[in-house]
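# Coordinate inspection notes
Here is what each chain is made of, one letter per residue.
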Protein chains: 2
Amino acid sequence: MKFNKELLKGTTDMIVLKLLSQQDMYGYEIMKKLKQKTDNIFELREGTLYPILHNLESKKLITSYCQPTESQRKKIYYKITDKGRKILQDKEVEWKNFSEGISKLMGGIAYEN
Amino acid sequence: MKFNKELLKGTTDMIVLKLLSQQDMYGYEIMKKLKQKTDNIFELREGTLYPILHNLESKKLITSYCQPTESQRKKIYYKITDKGRKILQDKEVEWKNFSEGISKLMGGIAYEN
DNA sequence: ATACAATATATCGTATAACAAAGTATTATA
DNA sequence: TATAATACTTTGTTATACGATATATTGTAT
């Protein structure tokens, strides 16, 4: 990643919920999709993503199911819930407030006090 | 504050350096200035700010001095160094990359995959 | 005059969260 | 047939913001 990983804190739930709001996905797919969508700028590692998914599920913001398949490979699909979409909206507003605040601070003209 | 405090992580050094790039200030003044400049949206508490100032000073990004005064009150003024200004620029670029990445993800149109 | 709020700095313990690393197992490829 | 990629899990580490508490000075209200 091209930035301090600390910056990511507080945004991961929003990112995962957003991706799942567009389509159901399994964990590994989310990792790949995030990298691909952001030209490798954003990345969530296994040790970060899977605990997040378990946590979101425990809060009923997403649900999981196993796609019926002929292979032995375990794939756990996740689907965003109505509650999840609501929380996603809240988090988007929160992010907007925060990033606009930073912009105001950082983009501020030198003479303003 | 009107947002998840986790969002602040990774941005505090940048914020403090930015404020000090505009004028020398003492700790308490920085706290007040930040609140005032952002209409109470942003806030750094003592337990956050003072350790940050000590840390930035240990890294030579800021220096401190005591303004000569008739009062007994201890006020430690901080001044950004050339190194501090350089690091501030780096952090601003980092923030730009990060926030643009989030925008791309969150503002993305639903049909894009 | 006297209590209380605001100013000013400091530090310790706590909580959260992202990551690295290591582990297990399946499927595809060289 | 070994290796890489896929797929999920868990444990320990690290960074960092905060709450709480402490100390002391200065200003204000009763």
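Here is a short report on the structure shown in this document.

Definitions and cut-offs
- Residues numbered from 1 in each chain as written.
- Chains lettered and ligands numbered in written order.
- Predicted model: local features only at pLDDT ≥ 70, side-chain atom pairs only at ≥ 80, totals over all residues.
- Heavy atoms only, no water.
- 1 Å grid on protein atoms, 1.4 Å probe; cavity = no way out; pocket = protein on both sides within 12 Å on 5 of 7 lines; lining within 4 Å.
- Points joined across faces, edges and corners; volume = space filled by probe spheres on them.
- Nonpolar A, V, L, I, M, F, W, Y, C, P; charged D, E, K, R; others polar.
- Contact = heavy atoms within 4.5 Å.
- Buried area = accessible area lost by both parts, 1.4 Å probe.
- Salt bridge = Lys/Arg side-chain N within 4 Å of Asp/Glu carboxyl O.
- Polar contact = N/O pair within 3.5 Å; in protein donor to acceptor, adjacent residues only side chain to side chain.
- Helix = DSSP H or I, 4+ residues; strand = E, 2+ residues; numbered from the N terminus.
- Least-squares fit on C-alpha atoms with pLDDT ≥ 70 in both.
- Buried < 20%, exposed > 50% of the residue type's maximum accessible area, 1.4 Å probe, protein only.
- Pairing = 2+ DSSP bridges.
- Near = heavy atom within 4 Å.
- Lys, Arg positive; Asp, Glu negative; His and termini not counted.

### A word on empty space enclosed by the protein
Under the criterion given, the structure shown has 1 cavity of 30 Å³ or more. Taken as a whole, the largest cavity spans an internal volume of roughly 50 Å³. Lining the largest cavity, in full, are G10, T11, M14, K91, E94 and W95 of chain A together with L7 of chain B. Residues belonging to the lining of the largest cavity are distributed by class as follows: 3 nonpolar, 2 polar and 2 charged.

### Remarks on the interface of chain A and chain B
On the side of chain B, 35 residues touch chain A, which itself brings 35 residues to the contact. The contact between chain A and chain B buries some 3500 Å² in all, and 65% of this surface belongs to carbon and sulfur atoms. Of all residues in chain A, F98, L105 and M106 of chain A give up the largest surface area on contact with chain B, accounting jointly for 21% of the area buried on that side. Where chain A meets chain B, there are 2 salt bridges. Run the count over chain A and chain B and you get 4 residue pairs in polar contact (both at pLDDT 80 or more). Put simply, the parts of the chain that give the side of chain A that touches chain B at least two residues each are α1 (12-22), α2 (27-37) and α4 (82-106) of chain A. Of the residues in the side of chain A that touches chain B, the class split is 14 nonpolar, 10 polar and 11 charged.

### A word on the relation of the copies chain A and chain B
Take chain A, turn it by 180°, move it 0.0 Å along the axis, and it overlays chain B with an RMSD of 0.1 Å. As the rotation angle and translation indicate, the two copies are arranged about a two-fold axis.

### Side note on the pattern of salt bridges
Opposite charge on two side chains permits pairing when their charged atoms draw close. Residue and element names in this part refer to chain B. Counted under the stated rule, the structure contains 13 salt bridges over all chains. Where K9 meets E6, a salt bridge forms, and the shortest distance between an N and an O atom there is 3.3 Å. Given a relative accessible area of 35%, K9 falls into the partly exposed group. Relative accessible area serves as the criterion here: at 31%, E6 is assigned to the partly exposed category. The partner of E92 in a salt bridge is K18, and the shortest N-O contact between them spans 4.0 Å. Linking E92 in helix α4 (residues 82-106) with K18 in helix α1 (residues 12-22), this pair joins segments that are 74 residues apart in sequence.

### Focus on the pairing of strand β3 (residues 76-80) of chain A
Residue and element names in this part refer to chain A. One ladder, built from 2 bridges, connects strand β1 (residues 25-26) with β3; its direction is antiparallel. Directly across from Y26, in β3, lies its bridge partner Y77. Pairing of strand β2 (residues 62-66) with β3, which is carried by 5 bridges, proceeds in the antiparallel orientation. For T63, the partnering residue across the bridge sits in β3 and is K79.

### Details of the protein's contact with DNA strand C
The environment of DNA strand C is made up of 29 residues, and the closest members are T48, Q72 and R73 of chain A together with Y28 and I76 of chain B. Considering DNA strand C, the proportion of its atoms within 4 Å of the protein that are sugar or phosphate atoms stands at 69%. Between DNA strand C and Y26 of chain B there is a distance of 2.8 Å, counted from a phosphate oxygen to a side-chain nitrogen or oxygen. Note that a base oxygen of DNA strand C is positioned 2.8 Å from one of the side-chain N or O atoms of R73 of chain B. For the surface near DNA strand C, the secondary-structure elements that each account for two or more residues are α3 (46-58) of chain A together with α2 (27-37) and α3 (46-58) of chain B. With 5 residues, α3 of chain B is the largest single contributor of residues to the surface near DNA strand C.

### Considering the side chain of D13 of chain A
All names here are of chain A. With respect to the helices and strands, the residue D13 is situated in helix α1. Comment: no salt bridge for buried D13; closest opposite-charge side chain is K59, at 4.0 Å. Aside from chain neighbours lying at most four places away, what touches D13 is I52, L56, K59 and K91.

### Quick word on the sheet that holds strand β1 (residues 25-26) of chain B
Reading across from one edge, β1-β3-β2 (chain B) is the order of the 3 strands in this open sheet, with antiparallel pairing throughout. In this open sheet, the two edge strands, each paired with only one partner strand, are β1 and β2 (62-66) of chain B.

### Re the protein's contact with DNA strand D
Taken together, 28 residues are adjacent to DNA strand D, and Y26, Y50 and I76 of chain A together with T48 and R73 of chain B come closest. Within 4 Å of the protein, atoms of DNA strand D come from sugar and phosphate in 71% of cases. Taking Y28 of chain A, its main chain carries an N or O atom lying 2.7 Å from a phosphate oxygen of DNA strand D. With 5 residues, the single largest contributor to the surface near DNA strand D is α3 of chain A. Tallied by class, the residues present in the surface near DNA strand D amount to 8 nonpolar, 9 polar and 11 charged.

By themselves, these are just geometric observations and shouldn't be taken as functional.
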